[in-house]
Amino acid sequence: MKLIHTADWHLGKNIEGHSRLEEQRLFLKDFINICEEEQADIIIIAGDIYDNYNPSAMAEQLFYDTLKQLSRNGDCMIVVIAGNHDNPERLVASGPLARDHGIVMAGTPNSVITPGMYGKNEITESDAGYIHAIIHGEEADILLVPFPSEKRLNEVYLDETEEETKKAASYSEKMSSLFGSLATHFHEDSIHLIASHLFVMNSVEDGSERSIQLGGSYMVGGEIFPENADYIALGHVHKPQKVPGCPKARYSGSPLPFNVRETSFDKQVIAVTLTAGSPCTIRELPLPVYKPIEVWHCENIDDAVEQCEANADRECWVYLEVKTDYYIHEEDIKKMKAIKADILSITPVLPEDESEDFSASDLKEQPFDELVKNFYRKKFHVDIGEETFSLLMSIIEEN
């Protein structure tokens, strides 16, 4: 069985108020070609299809047009799970219509998929978070765990006894219990797959997925995954990587760099060849950079204007940082933006700023806790105390 794994499309996401739908169209066109060339039997899209709960009509249209082409008239099964940016109810609303094209939609960890024909393939068994599918004659058990927030995870345990609930008191324990329970569905002679959207400890973050779990409460260890899974397709982290402690688990990463920090690594989708009872073969398929994000460090305003003129026709997003003794006048800003349309910001770097160990673009991408520590250090000329920092972060979490 041939599988293609992708995630974190974030359709409709802007950069500094500028639309990136055109770049996303280019990626999806390439992705359709990749899946066609690979003759994928199954495609897993592991969450964060959209960038927010209420995607634009254009973003939704782009998504559904893409799914229709990926399905190859129902020949390929497509499995879509919701991420933390997706509205689960809205995502699965099209489920009955999508079914004819071989598309399976799961919104929450306790989603139950209706058995039956999905395009030219079939789901013969299902339960909350589980399906058994026959795809081109091959059998596959697939565990579906869309973004498991505390609230959604607690809903899974509503029918459990109080004693059993206490045994799974922490988030990580509940997740381990959930995967352990779901893995009991695995048939011995089937391919065992998992699709989920969550953050595994020690995975390398990229800066664009701000820590919605400030205290680490939504983090889990790689040991929670069943050892007899053949491949684990994850979403949520934008940097492609293997999961520490679980070599069968992969983050495909996002297809586009969504900020400056994400430009430091290549983007990809993952192709997996699977046979029941045998180790899978994993290949990383690189993606091009459709429109690079750059930081231009300019010695003065004239230098900034020259760089804009030299790159006026080149497709790139630009953060301009200009050394100056004064704040940049409005007419200079207008002149630069008239020459280069895709300037995202123009930041003056004043003499007193040059001694700082970070640039304006770095400041935008720093994790929130680092911003707090840097601000405190700059304001009071001492490092923030651990007790004060912990108290401040707990107040932020509560609000």
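One can find the structure itself at the top, above this paragraph.
No experiment lies behind these values; they were computed from the predicted model shown.

Definitions and cut-offs
Residues numbered from 1 in each chain as written. Predicted model: local features only at pLDDT ≥ 70, side-chain atom pairs only at ≥ 80, totals over all residues. Heavy atoms only, no water. Helix = DSSP H or I, 4+ residues; strand = E, 2+ residues; numbered from the N terminus. Contact = heavy atoms within 4.5 Å. Areas by Shrake-Rupley, 256 points an atom, 1.4 Å probe, with all protein chains shown as cover. Buried < 20%, exposed > 50% of the residue type's maximum accessible area, 1.4 Å probe, protein only. Pairing = 2+ DSSP bridges. Axes fitted to C-alpha atoms, helices over the stretch in contact; angles between N-to-C directions. Parallel < 35°, antiparallel > 145°, perpendicular 65-115°, else oblique. Nonpolar A, V, L, I, M, F, W, Y, C, P; charged D, E, K, R; others polar. Polar contact = N/O pair within 3.5 Å; in protein donor to acceptor, adjacent residues only side chain to side chain. Left-handed = near helix turned anticlockwise from the far one by under 90°.

Can you help me understand the overall build of the protein in this one?
Within the protein, the regular secondary structure consists of twelve helices and 21 strands. When contacts within the protein are restricted to residue pairs at least 6 apart in sequence, long-range pairs at least 24 apart make up 66% of them. Of the roughly 18700 Å² that the protein leaves accessible, carbon and sulfur atoms contribute 49%.

Whenever I open this one, the environment of Ser177 confuses me. Can you help?
For Ser177, the position within the fold is in helix 7 (residues 171-182). Taking relative accessible area as the criterion, Ser177 reaches 34% and is therefore assigned partly exposed.

Can you walk me through the pairing of strand 14 (residues 231-235) in this structure?
Within a regular beta strand, the side chains point alternately toward one face of the sheet and then the other, so they alternate between its two faces. Counting buried positions over the five residues of strand 14 gives five, a clear majority of the element. Burial of the side chains of strand 14 extends over both faces: Tyr231, Ala233 and Gly235 are buried on one face and Ile232 and Leu234 on the other. Bridge count for strand 11 (residues 191-197) against strand 14 is five bridges, and the pairing is parallel. Within strand 14, the position partnered with His197 by the bridge is Gly235.

Help me understand the packing of helix 1 (residues 21-38) against helix 2 (residues 57-70) in this model?
The relative placement of two packed helices is expressed as an angle between their axes plus a distance between the axes. Where helix 1 contacts helix 2, the two axes come as close as 10 Å, and the packing angle between them is 10 degrees. In this view, helix 1 runs roughly parallel relative to helix 2, as classed from their interaxial angle. Taken together, the residues of helix 2 that come into contact with helix 1 (itself represented by Leu21, Gln24, Arg25, Leu28, Phe31, Ile32 and Cys35) are Met58, Ala59, Leu62, Thr66, Gln69 and Leu70. Considered class by class, the residues forming the contact of helix 1 with helix 2 number nine nonpolar, three polar and one charged.

Would you mind going over the environment of His132 with me for this structure?
Its place among the elements puts His132 in strand 9 (residues 130-135). As for His132 and His185, which are separated by 53 residues in sequence, their C-alpha atoms are 8.6 Å apart. Not counting residues up to four positions away in its chain, the partners in contact with His132 are Glu122, Ile123, Thr124, Glu125, Glu139, Ala140, Asp141, His187 and Ser190. In this structure the side chain of His132 is engaged in a polar contact, spanning 2.8 Å, whose partner is the side chain of Glu139.

Explain the packing of helix 8 (residues 301-310) against helix 9 (residues 330-339) to me, please; I cannot follow it from the model alone.
One way to put it is that helix 8 packs onto helix 9 with a least axis distance of 8 Å and a crossing angle of 15 degrees. By the angle class used here, helix 8 and helix 9 are roughly parallel. Once helix 8 is placed against helix 9, the crossing between them reads as left-handed. Between helix 8 and helix 9, the residues in contact are Ile301, Ala304, Val305, Cys308 and Glu309 and Asp332, Lys335, Met336 and Ile339, respectively.

Mind showing me how you'd approach the environment of Ser254 here?
Within the secondary structure, Ser254 is located in the loop between strand 16 (246-251) and strand 17 (267-273). On a C-alpha basis, the gap between Ser254 and His238 in space is 4.7 Å, while along the polypeptide they are 16 residues apart. Here Ser254 is in contact with Ala7, Asp8, His238, Glu262 and Lys267, once residues within four sequence places are set aside. At a separation of 3.0 Å, a polar atom in the side chain of Ser254 contacts the main-chain carbonyl oxygen of Leu256. At 2.7 Å, the side chain of Ser254 forms a polar contact with the side chain of Lys267.

Can you walk me through the pairing of strand 6 (residues 103-106) in this structure?
The alternating pattern of strand 6 places Ile103 and Met105 and Val104 and Ala106 on opposite faces, both of which are buried. Pairing of strand 5 (residues 77-81) with strand 6 involves four bridges; the strand directions are parallel. Residue pairing for strand 6: Ile81 is matched across the bridge by Ala106.

Quick question: what am I supposed to make of the side chain of Lys291 here?
With respect to the helices and strands, the residue Lys291 is situated in the loop between strand 18 (281-287) and strand 19 (293-298). Given a relative accessible area of 10%, Lys291 falls into the buried group. Reaching out from Lys291, the side chain makes a polar contact with the side chain of Glu315 at a distance of 3.4 Å. Within polar-contact distance, the side chain of Lys291 engages the side chain of Asp342 at 2.9 Å. When sequence neighbours within four positions are dropped, the list of residues in contact with Lys291 reads Arg20, Glu23, Glu315, Cys316, Trp317 and Asp342.

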